[in-house]
Amino acid sequence: MQAFGIDRLTTNFQPVVDIDTGRVVAHEALSRASINGAPVAPDRLLHDAYQSGTADELDSVFIESALRAAATRGLLSPHSLFVNVEPISLANGFITAPLLSAPPLVIEITERALTADPGALLTSAAALRAAGHLIAIDDLGAEPASLALLPLLAPEIVKLDMNLIRRQPDRTTAAMMTAVAAYAERSGALVLAEGVETAEHITRARALGASVAQGWHFGKPSESARDAPGVTVRRAGPGRHSAAPVRDSIDTTPFGVVSAETPLRVGDRAMLVQVSILLEERAAAAGDSAVLLSTFQSGDNISENTRRRYDRLIESGCLLTAYSTGASAALPHPARSVTVDDADPLAAEWDVVLLTADYAAALTAREIDASRHREGLYEFVLTTDRDLVTRSARALLAR
């Protein structure tokens, strides 16, 4: 701790309460630090640590403090303790060891981790689940793009941003309510409302689909806490999308995912180009709740017209990633460009995968005969099945 100037670090616990019964089912661990005897907000410490490149080390200090304090107070029931983890820690794998050896926890991941590095996040989440932990997405609603990425992470618990509870409802609130309801219905995920301070907040939390909550209405953070039974997650029933992660590998491609379950059709290049552009237009219309993943075979296929269209997509707030062999130069910032090896099966595919808060579609195609390229005939599938689209997106992000 001295490396960060911290002379005292304590962990407080805030109760998580079942709204119907008022029973405490879990606690969230919240670290409190002081420097030279004066309290310092964790957000300020983390900001300074991010600036100095030591955020994952500071996060590890917070986590170890939380685990020690929980063990001292006997908070050992499975999934009775919520612990926050910074995105950079997940990306670097820095906190893997202390968490993998801990009793089953609820790992809170802030929604900005979804947009920062989805591929690294999925890898870390799979390792944490394998150790028995549940994943909670924190502050959902602060970044609209996270709604489209929600099924990719497939969290067992969704924590609603407190502003959704406290502010006057608007169309953004309605969109969030609809998206969360659809996800919870498909996955069986638990919805938790943060920042509940009044009876009116409880009414709003129920309307947004929350069954558990935390906030000063139920209790302020304190150093004292008793063991609780832990949160219970309703698993998805037969035929529903499961919250358990699909363990996609680099050998899986969107064409492999979709064609295994959907009959192939044959179409020409001109038609598929128009379908691709249509999906791009849907992404632009969705604005900052859209995620678009595209493969181009060779980087030479990324034309100036494509770059101009992608410029407009970036301006709309769409999260965009392009996959191709060779360089994908001059893509608009902050689009991600991923280089694919010539031997990768993905190198032979034409994919456009779109996820928004309320729409999902994937076009995936392979040329029938590369030696007859001028004819431009492709086997293809176009699907709007959200589960297949989500699995296709995971297959790309696995790279």
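Residues numbered from 1 in each chain as written. Predicted model: local features only at pLDDT ≥ 70, side-chain atom pairs only at ≥ 80, totals over all residues. Heavy atoms only, no water.

A. Inspection of the sheet that holds strand β15 (residues 360-367) at higher detail. In spatial order, the strands read β10-β16-β15-β14-β11-β12-β13; together these seven strands make up an open sheet with mixed pairing. At either margin of the open sheet sits one strand with a lone partner, and together these are β10 (265-268) and β13 (336-339). Within the sheet, the average angular offset between the axes of one strand and its neighbour, ignoring direction, is 20 degrees. Relative to strand β16 (residues 377-383), β10 is paired through four bridges, and the arrangement is antiparallel. Bridge pairing in β16 links G267 to Y378. In the packing of helix α13 (residues 304-316) onto the sheet, the strands contacted are β11 (291-298) and β12 (319-325), and the crossing angle to β11 comes to about 165 degrees. The strands touched by helix α14 (residues 386-397) within the sheet are β11, β12, β14 (349-355), β15 and β16, with β14 carrying the most contacts at an inclination of about 120 degrees. (Pairing = 2+ DSSP bridges. Helix = DSSP H or I, 4+ residues; strand = E, 2+ residues; numbered from the N terminus. Axes fitted to C-alpha atoms, helices over the stretch in contact; angles between N-to-C directions. Contact = heavy atoms within 4.5 Å.)

B. Here's a closer look at helix α1 (residues 42-52). Listed as buried for α1 are L45, L46 and A49. The buried residues of α1 all sit within an arc of 95 degrees when viewed along its axis, so they share a single face. With respect to the buried face of α1, the exposed residues turned more than 90 degrees away are D43, R44 and Q51. For α1, the elements touching its buried residues are β2 (24-35), β3 (38-40) and α2 (55-72). Taken from the residues just after α1, G53 is the one with a positive phi, measuring 75 degrees. (Buried < 20%, exposed > 50% of the residue type's maximum accessible area, 1.4 Å probe, protein only. Arc of directions from axis to C-beta.)

C. Structural detail: the side chain of Q214. Mapping Q214 onto the fold places it in the loop between β9 (212-213) and α11 (254-259). The class for Q214 is buried, based on a relative accessible area of 2%. Within the structure, Q214 has its side chain in polar contact with the side chain of E28 (distance 2.8 Å). Q214 has contacts with Q14, P15, V16, E28, K159, L192, A193, E194, G195 and V196, leaving out every residue within four places of it along the chain. (Polar contact = N/O pair within 3.5 Å; in protein donor to acceptor, adjacent residues only side chain to side chain.)

D. Focus on the packing of helix α12 (residues 269-286) against α13. Between α12 and α13, whose axes approach to 9 Å, the crossing angle comes to 25 degrees. Regarding the angle of α12 to α13, the classification is roughly parallel. For the pair α12 and α13, the sense of crossing is left-handed. Contacts between α12 and α13 pair I277, E280, A283 and A284 from the former with R309, Y310, L313 and S316 from the latter. (Parallel < 35°, antiparallel > 145°, perpendicular 65-115°, else oblique. Left-handed = near helix turned anticlockwise from the far one by under 90°.)

E. The packing of aromatic side chains, seen in detail. One pass over the structure, following the stated rule, counts two aromatic pairs. Directly above the aromatic system of W216 lies the positively charged group of K220, at a separation of 4.3 Å from the ring centroid. (Phe/Tyr/Trp six-rings, centres within 6.5 Å; stacked < 30°, edge-to-face > 60°. Lys NZ or Arg CZ within 6 Å of the ring centre and 35° of its normal.)

F. Spotlight on the confidence of the model for the protein. Taken residue by residue, the protein gives an average pLDDT of 86. The fraction at 70 or more is 91%. Taken together, the stretch residues 237-247 has pLDDT below 50 and engages in 20 contacts with residues farther than four places along the chain or on a different chain. (pLDDT = per-residue confidence, 0-100.)

G. Spotlight on the pairing of β14. Taken across its seven residues, β14 has seven buried, putting it largely inside the fold. The two faces of β14 match: E349, D351, V353 and L355 on one face and W350, V352 and L354 on the other face are all buried. The sheet contact formed by β11 and β14 spans six bridges and is antiparallel. Bridge assignment links L292 to a residue of β14, and that residue is L354. Where β14 lies against β15, seven bridges are found, and the strand directions are antiparallel. Among the inter-strand pairings, V352 is bridged to a residue of β15, identified as L363. What sits between β14 and β15 in their antiparallel hairpin is a turn of four residues.

H. Summary view of the packing of α1 against α2. Interhelical geometry of α1 versus α2 gives an angle of 145 degrees and a closest axis separation of 8 Å. Here α1 contributes P42, L45, L46, A49 and Y50 to the contact with α2, which in turn contributes A55, L58 and F62. Its residues placed into classes, the contact of α1 with α2 shows eight nonpolar, no polar and no charged. (Nonpolar A, V, L, I, M, F, W, Y, C, P; charged D, E, K, R; others polar.)

I. Spotlight on α2. Compared with an ideal rise of 1.5 Å per residue, which puts 18 residues at 26 Å, α2 spans 26 Å between its outermost C-alpha atoms and is within 8% of the ideal. Most of α2 sits inside the fold, with 13 of its 18 residues counted as buried. One or two steps after α2, the chain reaches G74, where phi turns positive at roughly 70 degrees. (Expected span 1.5 Å × (residues − 1).)

J. Spatial organisation of the pattern of salt bridges. All told, the structure shown has 14 salt bridges when counted by the stated rule. Of the charged contacts in the structure, one is a salt bridge between K159 and E194, with a shortest N-O distance of 3.3 Å. Highlighted residues: K159 in strand β7 (residues 157-160) and E194 in the loop between β8 (190-193) and α10 (199-207), separated in sequence by 35 residues. Using a relative accessible area of 0% as the deciding quantity, one classes K159 as buried. For E194, a relative accessible area of 10% gives the class buried. E304 is the partner of R307 in a salt bridge, and the nearest nitrogen-oxygen pair spans 3.0 Å. Of this pair, R307 and E304 both sit in helix α13, three residues apart, which is roughly one turn of the helix. (Salt bridge = Lys/Arg side-chain N within 4 Å of Asp/Glu carboxyl O.)

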